[in-house]
Amino acid sequence: MKNKPTFEQFLRDKPLYYKEIDYERIHIAYAMLKPHIKQPLTIHIVGTNGKGSTGRIMATLLHESGVKVGHFSSPHILKFNERIWLEGQDSSDEVLEIAHTKLYTLLGQEMSEALSYFEYTTLLAFVAMEKLEVMVLEAGLGGEFDATNVCSKALSVITPIGLDHQDFLGDTIKSIARTKLNSMDKKVLLGLQINDEVYTIAEEIAKERGAVVYRVDEKPFTELLTMTENAGWADYLYENAKLAIQALEILQLPYNLKDLEKVILFGRFYPLQSNVIIDVGHNLLAAKRVVKSLKKIYKNEKVVLVYNALDDKDYKNILLEFKDIIKRVEVVPLTTQRAVKREELQKVLKKLEIEHQIFSQLKRKDNYFVFGSFYVVELFLRKIKDNIKNK
């Protein structure tokens, strides 16, 4: 196509967020694409927390067992290529360009430009993964109306559901759970839930659709627990690994538990260096889970929380959750318009009597925990990289 922009140009011109969403558009686009590609066996991961790590554990175990597998996740931390992981590594620029050329040609300029950033890149993942055997597909904000929900699924995997993105999904666990669980097809695996309403709603929807509901085994998986503890994983990552493994067993897909050692969960309670852990978690449920693990690791020693938040997050209660285990907060200034205003964040920190300052550089004597969003982790990584360069 003569006037087709490169993938890099095309993405750069795409708005990331829309005030209003056209829920029919993605279905029309997928109907245009579907006859021209093959769909691998698809595992759809939906939930509030743990989608990325659950999917990557699953995909890595399959890859190490010789299965041709891809993993679509979002957002990325440093580079878009992270979102489309193919057979053990982030997609190359060349692979993305080839998939973009095919997709843009099939959809045409008008439809390609009309689709949102997430809609287009979801379909791009379908094209990039068409020759694989298994596609692990992570939902974005929701479930029922999410772009990833346009295709059929062999299994829906539901990670813990909590309050997040209320502007889009509703302001109660009940409404959020229903939106997410309405994405199920014929089989659904429920991860461990804090809110019992999730189980009830899942059973209701499954009964309406004739779907089979599985629940993650709550009995301790001793060997898995030992492996994750030895690897320094947080408790929540053990739960996610357990969920990932049960999903593979339901679908009778191969895995070797020892391959868990090869799983890289960058940005998920990830030890960046001896005194720095980074985590892309950003809501209250995530905060509760990481605080539990930090207490286990550091005992009575307090950490420095490197933090910031988007304005739709419950940052007051998140900071309250961290208060007892932190010596101070160091704020990473965010450039996005969606960030909470600095004066508002400072007001809350002052009210909670938490010492705070702007993050500048790491000090060897302190232990750091970086948390708040993908944006925070990205800017922190770029900041310390620049500091190292300037030394």
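Every chain begins its residue count from 1, and numbering advances along the sequence as written. Thresholds applied to this predicted model are a pLDDT of at least 70 for local features of residues and 80 or more for the giving and counting of side-chain atom pairs; totals over whole chains, interfaces and linings are not thresholded and use all residues. Water and hydrogen atoms play no part in the side-chain values, which are based on all heavy atoms of the structure.

**Observations regarding the side chain of Arg268**
Tracing the chain through its elements places Arg268 in the loop between α10 (235–250) and β9 (270–273). Residue burial is assigned from relative accessible area. The probe radius is 1.4 Å, only protein chains are included, and a residue is buried under 20% of its type maximum, exposed over 50%, and partly exposed in between. Only four residue types enter the tally: Lys and Arg on the positive side, Asp and Glu on the negative side; His and the chain ends are excluded. Here, a salt bridge means any side-chain nitrogen of Lys or Arg that lies within 4 Å of a carboxyl oxygen of Asp or Glu. Glu138 provides the closest opposite charge to the buried, unpaired Arg268, separated from it by 5.1 Å. Pairing of N or O atoms within 3.5 Å defines a polar contact, subject to two protein rules: one partner must be a possible hydrogen donor and the other a possible acceptor, and residues neighboring in sequence count only if both atoms are side-chain atoms. Within the local environment of Arg268, its side chain forms a polar contact with the backbone oxygen of Phe266, the two atoms lying 3.2 Å apart. In this analysis, two residues are considered to be in contact whenever any of their non-hydrogen atoms come within 4.5 Å of each other. Apart from the residues within four sequence positions on either side, Arg268 is in contact with Gly52, Ser53, Tyr236, Leu237, Ile278, Asp279, Val280 and Phe374. Secondary structure counts use DSSP, requiring at least four H or I residues in a row for a helix and at least two E residues in a row for a strand, with both numbered from the N terminus.

**Concerning the sheet that holds strand β12 (residues 326–331)**
Read across the open sheet, the six strands follow the order β9-β10-β14-β11-β12-β13; overall the sheet is mixed. Two strands lie at the open edges of the sheet, namely β9 and β13 (356–358), each paired on one side alone. For this sheet the average axis-to-axis angle between neighbouring strands, irrespective of direction, equals 25°. In this sheet, strand β14 (residues 368–371) lies alongside strand β10 (residues 276–278) in parallel orientation, the contact comprising three bridges. Looking at the pairing, Ile277 lines up with Phe369 of β14. The sheet contacts of helix α13 (residues 342–351) involve β11 (303–307), β12 and β13, and relative to β13 the element is tilted by about 155°. In this scheme, strands are said to pair when DSSP sees at least two bridges between them. Lines fitted to C-alpha atoms define the axes here, with helix axes fitted over just the stretch in contact, and angles between the N-to-C directions of these axes take values from 0 to 180 degrees.

**Digging into the packing of helix α7 (residues 173–181) against helix α8 (residues 196–209)**
Running from N to C, α7 and α8 cross one another at 40°; their axes reach a closest spacing of 9 Å. Our classification of the angle between α7 and α8 gives oblique. α8 is crossed by α7, and the crossing has right-handed handedness. Note on element contacts: α8 touches α7 through Glu197, Val198, Ile201, Ala202, Glu204 and Ile205, opposite Ile173, Lys174, Ala177, Arg178 and Leu181. The residue inventory of the contact of α7 with α8, partitioned by class, reads seven nonpolar, no polar and four charged. Comment on the angle field: the value is read as roughly parallel under 35 degrees, roughly antiparallel over 145, roughly perpendicular from 65 to 115, and oblique elsewhere. For any pair of crossing helices, the crossing counts as left-handed if the nearer helix is rotated counterclockwise from the farther one by less than a right angle, and right-handed if it is rotated clockwise. Under this grouping Gly is polar, as are all residues other than the nonpolar Ala, Val, Leu, Ile, Met, Phe, Trp, Tyr, Cys and Pro and the charged Asp, Glu, Lys and Arg.

**Comments concerning the pairing of β12**
Of all six residues in β12, five are buried, a share of seventy percent or more. In the sheet, β11 pairs with β12 via five bridges, with the strands oriented parallel. Within β12, the position partnered with Leu305 by the bridge is Val329. Seen with the strands pointing away from the viewer, any crossover whose path from the first strand over the helix to the second strand runs clockwise is right-handed. In the classification by handedness, the crossover that spans β11, the intervening helix α12 (residues 315–322) and the parallel β12 is right-handed. Relative to β13, β12 is paired through three bridges, and the arrangement is parallel. Residue pairing in the sheet places Val329 in a bridge with His356 of β13. One crossover worth recording links β12 to the parallel β13 by way of α13, and it is right-handed.

**What about a nonpolar patch on the surface?**
Residues Ile21, Tyr23 and Phe145 make up a contiguous nonpolar surface patch of roughly 280 Å² in combined accessible area. Looking at the element boundaries, Tyr23 is found in the loop between α1 (7–12) and α2 (25–33). With relative accessibility at 37%, the residue Tyr23 sits in the partly exposed group. Exposure above 30% relative accessible area and no salt bridge define the residues that can form patches, which grow by joining like charges within 9 Å and nonpolar side chains of Val, Leu, Ile, Met, Phe, Trp and Tyr within 5 Å. Method for areas: the Shrake-Rupley scheme with a 1.4 Å probe, in which residue coverage is limited to the protein chains shown.

**Remarks on the sheet that holds strand β1 (residues 41–46)**
Strand order in the open sheet formed by eight strands is β4-β3-β2-β5-β1-β6-β7-β8, and the pairing between neighbours is mixed. Looking at which strands have only one partner, the edges of the open sheet turn out to be β4 (89–90) and β8 (212–215). Where strand β7 (residues 187–190) meets β8, four bridges bridge the pair, whose relative direction is parallel. Among the inter-strand pairings, Val188 is bridged to a residue of β8, identified as Val213. Together, β6 (155–158), β7 and β8 form the strand contacts of α10, whose direction differs from that of β7 by roughly 155°.

**Thoughts on the nonpolar core**
Tyr307, Leu319, Phe322, Phe369 and Phe371 are the most contacted members of the largest nonpolar core, which has 64 residues in total. The dominant element in this core, judged by the number of residues it contributes, is α10, at 10 residues. If near-sequence neighbours (up to four positions away) are discounted, Leu319 is found in contact with Leu305, Tyr307, Val329, Leu345, Val348, Leu349, Leu352 and Ile354. As used in this record, nonpolar core signifies buried Ala, Val, Leu, Ile, Met, Phe, Trp, Tyr and Cys residues forming a set joined through side-chain atoms within 4.5 Å. Core analysis: the second largest hydrophobic core is formed by 35 residues, Phe7, Ile37, Ala99 and Phe126 among them.

**A word on the pattern of salt bridges**
Under the definition given, this model contains 18 salt bridges. When the shortest N-O distance is used, the salt bridge between Asp235 and Lys296 registers 2.8 Å. Here Asp235, found in helix α10, pairs with Lys296, found in helix α11 (residues 284–298); they are 61 residues apart in sequence, far enough to count as distant. Under the relative-accessibility criterion, Asp235 is labelled buried at 17%.

**Quick word on the pairing of β14**
Here β14 shows a buried face lined by Tyr368 and Val370 and a second buried face lined by Phe369 and Phe371. Strand direction decides the pairing type here: β11 and β14, joined by four bridges, are parallel. Residue pairing for β14: Tyr307 is matched across the bridge by Phe371.

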